[in-house]
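# A structural walkthrough
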Amino acid sequence: MSERSGYPLGQVLPPAVLLGGNAVWSRYRQYPVFSLRWLAGRSLLVCSVIAVVSMFTGTGVGLAVQDWGAGLRGGLAHFIAFSLMATLGPAMATAVRRRRWPEATERRAVVLAVLAGMVISYGVDKVASAYVAELMQPHLAAMGLKSTPGPQLGPVAKAIGLALNVAALVVIYGLFGGGLALRAYFSERRRWEADQHAREVGELESRVREADLRLGVLQAQVEPHFLFNTLASVRALVRQDPAQAEATLDALVGFLRATIPKLRDGQSLHATLGQQLEICASYLELMRVRMGGRLTYTISVAPELRAHPFPPSLLITLVENAIKHGIEPRPGPGRIDVVAEREDGRLRVRVVDDGAGLKPGVGGGMGLANVRDQLAHRFGDRASLQLQPGPRGGVVAQVEVPCAMEEA
């Protein structure tokens, strides 16, 4: 195929597209149809066969007219005519392919080139046949031989004869002059398109598997990080306020019972924004109990956005980060708002706190590094994480990803 199509014309076709065998006479079929190597191999094979046939033709003419010079010239004329007939159309189509035109233009031009080659070959054949006839005529006349008119045919017989001649010409010039090569050209393109589709699907599935494996590793880091922090807080409460510690443990058990199945399922591509928001709501309720009620929170999202695909374990990391670095370090009440909205084909999710605000070093920890890694592996440069000061102090952590529902 051409470089524009994905396969260079000078290289062997991929196995899924290749039909040619490894025999000497068919190796040219390993290259794209109407490429230079394909044309050279086909021309060598066809012209070799024509050369053998032309030798017999020249020998026959020489024996018929008792003149080996005339036989040599007749065989040479036969070889030139049939060689042009077999190679002219494919050669013109090869010149077209080397132009690397757009696909639709190339297809039309290749067909026209083969048809033009057939028409020119027909003219060459007529000239060569007339030359051989003229070459033989003086010798036949000298031998006292001359052609006699055949029987007179009726209109029906003439029509049948004309139809048979036209059919014979179509078969001879159509197949021998490039028709079969034209069929192979379109067949090769169909196989190439199918192979390209299979490659794209395979690459996509491979990327998905790789991303899911990495996300599994990242999530395995996030879950213990969250649990260890929470259990450490409970341990501190056991000494300070046993009743509050008991309530926090009850909330923790409820949180784990409700969210661990979602965390595990979240490794798949089917994790949704709604599932992640439910996990965040359970966690925020746990933190509200643990912190003695000084934390308040809201979750604001349109119902239709809850079904939107969303990377697993991402929001819970941002919410945990807001509590750890924003709410807990500052005394007094604190507030966290989780907001999701769709705009200009993008899904924006913000975690807003009114806590301690941005400090040097915040934003470079393991949790946010995992968030950035997830976004990079799943969306490339089409997603982003931004940290900026909030309108009432604190921090706004904003994640922006492509809106799959908008694209669909």
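For the structure itself, look to the data block above.
Note that the structure is a prediction, hence the values are computed from the model and not measured. (Residues numbered from 1 in each chain as written. Predicted model: local features only at pLDDT ≥ 70, side-chain atom pairs only at ≥ 80, totals over all residues. Heavy atoms only, no water.)

Next up on the list: the sheet that holds strand β3 (residues 346-353). Adjacent strands of a sheet form backbone hydrogen bonds with each other and so pair up, either parallel or antiparallel. Pairing is mixed in the open sheet, where 5 strands are placed in the order β1-β2-β3-β5-β4. The sheet is open, and its two edges are formed by β1 (295-301) and β4 (384-389), each paired on a single side. For this sheet the average axis-to-axis angle between neighbouring strands, irrespective of direction, equals 15°. Set on the sheet, helix α6 (residues 273-290) makes contact with β1, β2 (334-343) and β3; between it and β1 the angle comes to about 170°. Across the sheet, helix α7 (residues 315-327) lies against β1, β2, β3, β4 and β5 (395-402), angled at about 25° from β3, the strand it touches most. (Pairing = 2+ DSSP bridges. Helix = DSSP H or I, 4+ residues; strand = E, 2+ residues; numbered from the N terminus. Axes fitted to C-alpha atoms, helices over the stretch in contact; angles between N-to-C directions. Contact = heavy atoms within 4.5 Å.)

Residues in a regular strand project their side chains so that they alternate between the two faces of the sheet. Examined bridge by bridge, β1 and β2 share 7 bridges and lie parallel to one another. Opposite Ile299, over in β2, you have Val338 as the bridge partner.

By the definition in use, this model includes 11 salt bridges. Arg107 is paired through a salt bridge with Glu193; the nearest N and O atoms lie 3.0 Å apart. With Arg107 in helix α3 (residues 103-142) and Glu193 in helix α4 (residues 155-240), this pair connects stretches of sequence that are 86 residues apart. Residue classification places Arg107 among the partly exposed residues on the basis of a relative accessible area of 25%. Residue class for Glu193 comes out partly exposed when judged on its relative accessible area of 33%. Where Asp337 meets Arg335, a salt bridge forms, and the shortest distance between an N and an O atom there is 3.1 Å. Residue Arg335 is classed as partly exposed on the basis of its relative accessible area, which comes to 31%. Here the salt bridges do not stand alone but share partners, grouping Arg97, Glu103, Glu106, Arg107, Arg189 and Glu193 into one network. (Salt bridge = Lys/Arg side-chain N within 4 Å of Asp/Glu carboxyl O. Buried < 20%, exposed > 50% of the residue type's maximum accessible area, 1.4 Å probe, protein only.)

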